[in-house]
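The primary structure of each chain is shown beneath.
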Amino acid sequence: QVQLIESGGGLVQAGGSLRLSCAASGRTFSNYNMGWFRQAQGKEREFVAAISWSGAHTYFADSVKGRFTIPRDNAKNTVYLQMNSLKFEDTAVYYCAAARDGRWYSAYRYDGGYDYWGQGTQVTVSS
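For clarity, every value in this text was computed on a predicted model and none was experimentally measured.

Quick look at the environment of Leu4 now. By secondary structure assignment, the location of Leu4 is in strand S1 (residues 4–7). With a relative accessible area of 5%, Leu4 lands in the buried category. Considering only alpha carbons, one finds Leu4 and Ala98, 94 residues apart in sequence, at a separation of 8.1 Å. With near-sequence residues (within four places) excluded, Leu4 lies in contact with Cys22, Ala23, Ala24, Met34, Cys96, Ala97, Ala98, Tyr116, Trp117, Gly118 and Gln119.

So, on to the pattern of salt bridges. Applying the stated criterion to the full structure yields six salt bridges. Between Arg45 and Asp111 there is a salt bridge, with the nearest N and O atoms lying 3.7 Å from each other. Residue Arg45 is located in the loop between strand S4 (32–39) and strand S5 (46–51), and its partner Asp111 is located in the loop between strand S10 (92–100) and strand S11 (116–117); the two are separated by 66 residues in the primary sequence. We classify Arg45 as partly exposed; its relative accessible area is 31%. Relative accessible area serves as the criterion here: at 34%, Asp111 is assigned to the partly exposed category. For the salt bridge of Asp90 with Arg67, the shortest nitrogen-to-oxygen distance reads 2.7 Å. Of this pair, Asp90 sits in the loop between strand S9 (78–83) and S10 while Arg67 sits in the loop between strand S6 (58–60) and strand S7 (68–69), placing them 23 residues apart in sequence. Per residue, the accessibility class of Asp90 equals that of Arg67, and both read buried.

Analysis parameters
- Residues numbered from 1 in each chain as written.
- Predicted model: local features only at pLDDT ≥ 70, side-chain atom pairs only at ≥ 80, totals over all residues.
- Heavy atoms only, no water.
- Helix = DSSP H or I, 4+ residues; strand = E, 2+ residues; numbered from the N terminus.
- Buried < 20%, exposed > 50% of the residue type's maximum accessible area, 1.4 Å probe, protein only.
- Contact = heavy atoms within 4.5 Å.
- Salt bridge = Lys/Arg side-chain N within 4 Å of Asp/Glu carboxyl O.

Next comes the structure, spelled out in C-alpha cells:
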C-alpha cells in the first residue's frame, strides 16, 4: 500500500518555473520507480517524465526535454518535477505515479506501467 500526495501546482506566467512535489508513504519508497503524467483539458493523459528507483535512469517526453527535470530524494520519500520555461501548452493536471521495480523499464511511458497514482495537481500557464 503506497499513497502519493502531490503539491506545488498553481498559476504561473509563460516563461516561468514551477516545482511539483510528490510525497510517498511506505518504507519501501526507494524500491519504486516514479513517473509524472499530465492531462490537458479535452486531451488524453500523456507521459511527461520518469526516474528509476536509484536515479540512474531518467526519461522525458520530447515536448519537455531540456525544460523539465525529475529529481528524487529517497531520504524524504519525495520525487519532484522541476518545470522551467513553461509554455501555455504545459497547462494540465499533473499526476505522480509509482511502479514496482522490474517491468517498469519497458513500460515507463504508459499508464499501465504504474501501480499507484497521486490525486493530481493543476498547473496553469498564462500569458
